Amino acid sequence: MDIAATLARILDAHRDRPGALLPVLHEVQNAVGFIPPETVPAIATALNLSRAEVHGVISYYHHFRQEPTGRHVVRVCCAEACQAVGGEVLAEHARTRLAGSDVTLEPVYCLGLCACGPAVQVDETQLHAAMTPAKFDALVARLEAER
Amino acid sequence: MRTTVYVPGDAAALALGADAVADAIAATAAARGIELRLVRNGSRGMVWLEPLVEVVTAQGRIAYGPVTVDVVDSLFAANFPSGGEHPLRLGPTESIPWLARQTRLVTRRLGVVDPRSLADYIARGGGEGLRRARAMAPAAIVQAVTDSGLRGRGGAAFPAGIKWRTVLEAAATQKYVVCNADEGDSGTYSDRMLMEGDPFCLLEGMAIAGRAVGADRGYIYVRSEYPHAIAALQAALAAAGDFLGDGFGKFHVEVRKGAGSYVCGEETALLESLEGRRGIVRSKPPLPAVEGLFGRPTLIHNVITLASVPDILAQGAAAYREHGSGRSHGTLPFQLAGNIRHGGLVEVPFGLTLRELIYDFGGGSRSGRPLRAVQVGGPLGAYLPEAQFDTPLDYEAFAAIGAGLGHGGIVAFDDKVDMAKQARYAMKFCAIESCGKCTPCRIGSTRGVEVIDRIRAGDRAQIELLEDLCETMVQGSACAMGSMTPIPVLSALHHFPEDFA
């Protein structure tokens, strides 16, 4: 992917929006998979911000990444409602299972699926409720088998 | 005539396999030569019955659930498109006792309506509030909201009418309506369900608010963990056409995606985030109503508050005010979560007891073990022991026991819970999510984790230190994140001291 061209297109589309930084960062991450450090100067110039301000926003928000992820991102809910139905056991299991895998594991604090936990989100769109370690292994096996 | 079948597209239903069920129903119908109209509605809120499939019959909508792909064939064999008998048949949806016992006002169309269809929204009474508002002077709309007794449903329970009046009376060429859809509290999902299941209701509430306070622009700040809600809102906006006009001009709404910061649910941090900065809380005053988004007067409310407004205008302020108890008027959509048998959305007037909610509606624990603790109001809410389960669910009664209703999230734990561990988690969560502006929250939360670790290792002398640290956080923090984290910590310590031994 031509990151510079993608970035130029995104900045052109958003530079005049009030409070454009978060929408720009979301689009960059959606297009590239993360926010490459080399995009920061151009974002800063386009939005009339300092590089420090842009970097500060990227590093502040849990959602934004500065490094590429594995082929898939699996988020396991670690918040109270899921804890109440075995979320911690599941999260621990996930850490062990995904050690060394090219599926990235991230904690997430609530997916709004609190009546049917433990909850898991895959690649920001696919949702799984009432997750157990056995179901988790089956899910990961499917993800790892995908090419 | 084609039979209409509803299969929820709500995120919880999707997480329980609703897409596969919808596909199987469509494929099986096609194979059998049956013409169906498949509507992806929101959820009725009976999460343990999801995916809850409904079919429209001469006797009304008949529910079946929870439906899995492998029972779809047997549903057709039982002639479910005509409401046929089947082990999963639940009868007329509206007669299911769990639903029939609720008072659904803000969620009256939830799971009923096609969230993508403006025509369906209008056909089911939507738009009436805005139609009435157009015929009213702005001050009269504000008065109606004041008279209804509506208070902010995000957690602070501040009287909505006072906010509205402040923004109305602020002199400015540009004002904003901001919807706080950063529903980050664990155990809460009513905002998500409403945005996914009845998005036009929120848009209508915002348009009424805009007309009332003199704002022609609105923003909905939705947390990034809710992609389905964002998609539903964008689809509704695309379909809204002239619906949001106030009779003078168009009300513009933009959906903005958050980025995974819990503290952005605090209104001033949210405004910072909307402006493109780190979500760090602002000092108050100035209040957002005077100096909010981009320095302009801003009416900021959470989803349920704004979505309650169309009904208040359509049915009248007095009708809304009649519900509830004491100074808590109207209804609150409670959300039963965690270790609960019948989890889901329960909209009832204030005044029911917590026990009624978790046993009569919730059916006790999912695990079958005794319930030991219930956290009400999210990660900053108190852990309540059995002895307090008879507390009525209203703002004042909860304040009187040092707790709060927050956004109506009810998280149940059975007797296997370790309350010292839950207290530690509360501090840990604060350490992860603190915006860093003030020291008591930023440093105190980390010290709190360490102190609780020492208590759990057997050093009881540290309990006094924990109490002291909590006092500092309560008194010295800039916002609710730091000042309320001690609530779950101390309620766990005081109500369940045996876990800290």
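Rules behind the numbers
Residues numbered from 1 in each chain as written. Chains lettered and ligands numbered in written order. Predicted model: local features only at pLDDT ≥ 70, side-chain atom pairs only at ≥ 80, totals over all residues. Heavy atoms only, no water. Domains from an automatic or database assignment. Contact = heavy atoms within 4.5 Å. Buried area = accessible area lost by both parts, 1.4 Å probe. Salt bridge = Lys/Arg side-chain N within 4 Å of Asp/Glu carboxyl O. Pairing = 2+ DSSP bridges. Helix = DSSP H or I, 4+ residues; strand = E, 2+ residues; numbered from the N terminus. Axes fitted to C-alpha atoms, helices over the stretch in contact; angles between N-to-C directions. Parallel < 35°, antiparallel > 145°, perpendicular 65-115°, else oblique. Nonpolar A, V, L, I, M, F, W, Y, C, P; charged D, E, K, R; others polar. Disulfide = S-S within 2.5 Å. Buried < 20%, exposed > 50% of the residue type's maximum accessible area, 1.4 Å probe, protein only. 1 Å grid on protein atoms, 1.4 Å probe; cavity = no way out; pocket = protein on both sides within 12 Å on 5 of 7 lines; lining within 4 Å. Points joined across faces, edges and corners; volume = space filled by probe spheres on them. Expected span 1.5 Å × (residues − 1). Polar contact = N/O pair within 3.5 Å; in protein donor to acceptor, adjacent residues only side chain to side chain.

*Asks:* Give a description of the domain arrangement of chain A that names residues and reports values.
*Replies:* The domain boundaries assigned to chain A delineate domain 1 (3–60) and domain 2 (72–145). The C-alpha centroid of domain 2 of chain A is placed 30 Å from the C-alpha centroid of domain 1 of chain A.

*Asks:* I'd like a description of the domain arrangement of chain B, backed by residues and values.
*Replies:* How large an interface is tends to be reported as the accessible area lost when its parts come together. Residues and elements named next belong to chain B. In terms of domains, chain B is made up of domain 1 (3–100), domain 2 (118–321), domain 3 (324–414) and domain 4 (419–500). Centre-to-centre separation of domain 1 and domain 2, based on C-alpha positions: 33 Å. The interface of domain 1 with domain 2 comprises nine residues on the first partner and six residues on the second. Summed over both partners, the interface of domain 1 with domain 2 comes to about 560 Å²; 55% of that surface belongs to carbon and sulfur atoms. Scanning the region where domain 1 abuts domain 2 turns up one salt bridge. For Asp10, the salt bridge identified is with Arg192, shortest N-O distance 3.0 Å.

*Asks:* Summarise the sheet that holds strand β13 (residues 344–349) of chain B; cite the residues concerned and give the values.
*Replies:* Residues and elements named next belong to chain B. Strand order in the open sheet formed by five strands is β13-β12-β16-β14-β15, and the pairing between neighbours is mixed. Single-partner strands in this sheet number two, and they are β13 and β15 (383–385). With direction set aside, neighbouring strand axes in the sheet form an average angle of 30°. Bridge analysis of strand β14 (residues 371–376) against strand β16 (residues 409–414) gives five bridges, and the strand direction is antiparallel. By the bridge assignment for β16, Val374 is matched with Ala412.

*Asks:* Got a sec to walk through the packing of helix α8 (residues 160–169) of chain B against helix α10 (residues 199–213) of chain B? Specific residues and values, please.
*Replies:* Residues and elements named next belong to chain B. It is the contact of α8 with α10, at a shortest axis distance of 8 Å, that shows an interaxial angle of 50°. For the element pair α8 / α10, the angle class is oblique. Between α8 and α10, the contacting residues are Trp164, Val167 and Leu168 on the first element and Ile208, Ala209, Ala212 and Val213 on the second. Taken together, the residues of the contact of α8 with α10 sort by class into seven nonpolar, no polar and no charged.

*Asks:* I'd like a description of the state of the cysteines, backed by residues and values.
*Replies:* Residues and elements named next belong to chain B. With the rule as written, the count across this model stands at zero disulfides over all chains. Among the cysteines around Cys201, which has no disulfide bond, Cys179 carries the closest sulfur, lying 11 Å off. Residue classification places Cys201 among the buried residues on the basis of a relative accessible area of 2%. With no disulfide of its own, Cys264 lies closest to Cys435 among cysteine sulfurs, the gap being 8.9 Å. Relative accessible area serves as the criterion here: at 0%, Cys264 is assigned to the buried category.

*Asks:* How would you summarise empty space enclosed by the protein if you had to cite specific residues and measurements?
*Replies:* Residues and elements named next belong to chain B. Counted under the stated rule, the structure contains two cavities of 30 Å³ or more. Along its surface, the largest cavity is lined by Val263, Ser434, Cys435, Gly436, Lys437, Cys438, Cys441, Ser477, Ala478, Cys479, Met481 and Gly482. Of the residues that constitute the lining of the largest cavity, the class distribution is seven nonpolar, four polar and one charged. At the level of secondary structure, the elements contributing two or more residues to the lining of the second largest cavity comprise α9 (190–197) and α11 (227–240). Ranked by residue count, the leading element in the lining of the second largest cavity is α11, at three residues. Within the lining of the second largest cavity, the residues separate by chemical class into six nonpolar, one polar and three charged.

*Asks:* So what about helix α13 (residues 303–315) of chain B? Which residues, and what values?
*Replies:* One turn of the α-helix equals 3.6 residues, which is why residues spaced by three or four share an orientation. Residues and elements named next belong to chain B. Over its 13 residues, α13 runs 19 Å from end to end, which matches the ideal 18 Å to within 8%, given 1.5 Å per residue. With 12 of 13 residues buried, α13 lies mostly within the body of the structure. Among the residues making up α13, those that are buried are Val303, Ile304, Thr305, Leu306, Ala307, Ser308, Val309, Pro310, Asp311, Ile312, Leu313 and Ala314. The residue sitting at the N-terminus of α13 and contributing the capping side-chain oxygen is Asn302; that oxygen lies 3.3 Å from the backbone nitrogen of Ile304. Immediately beyond the C-terminal end of α13, within one or two residues, lies Gly316, with a positive phi of roughly 100°.

*Asks:* I'd like a rundown of the side chain of Thr4 of chain B, residues and numbers included.
*Replies:* All names here are of chain B. Here Thr4 lies in strand β1 (residues 3–6). Here the side chain of Thr4 touches Arg37 through a polar contact of 3.3 Å, side chain to side chain. For Thr4, the contacting residues outside a window of four places in its chain are Arg37, Val39, Glu54, Val55 and Val56.

*Asks:* Would you mind going over the environment of Thr439 of chain B in detail, with residue names and values included?
*Replies:* Tracing the sequence through the fold places Thr439 of chain B in helix α18 (residues 439–456). Taking C-alpha positions, Thr439 of chain B is 10.0 Å from Thr472 of chain B, a pair spaced 33 residues apart along the chain.

*Asks:* Which residues make up the interface of chain B and chain A, and what are the values?
*Replies:* Taken together, the 59 residues of chain B in the interface contact 39 residues of chain A. Buried surface at the junction of chain B and chain A, both sides included, amounts to about 3700 Å², of which 55% is carbon and sulfur. Area buried by chain B at its contact with chain A is led by Ala259, Arg278 and Tyr425 of chain B, which between them contribute 15% of it. Scanning the region where chain B abuts chain A turns up three salt bridges.

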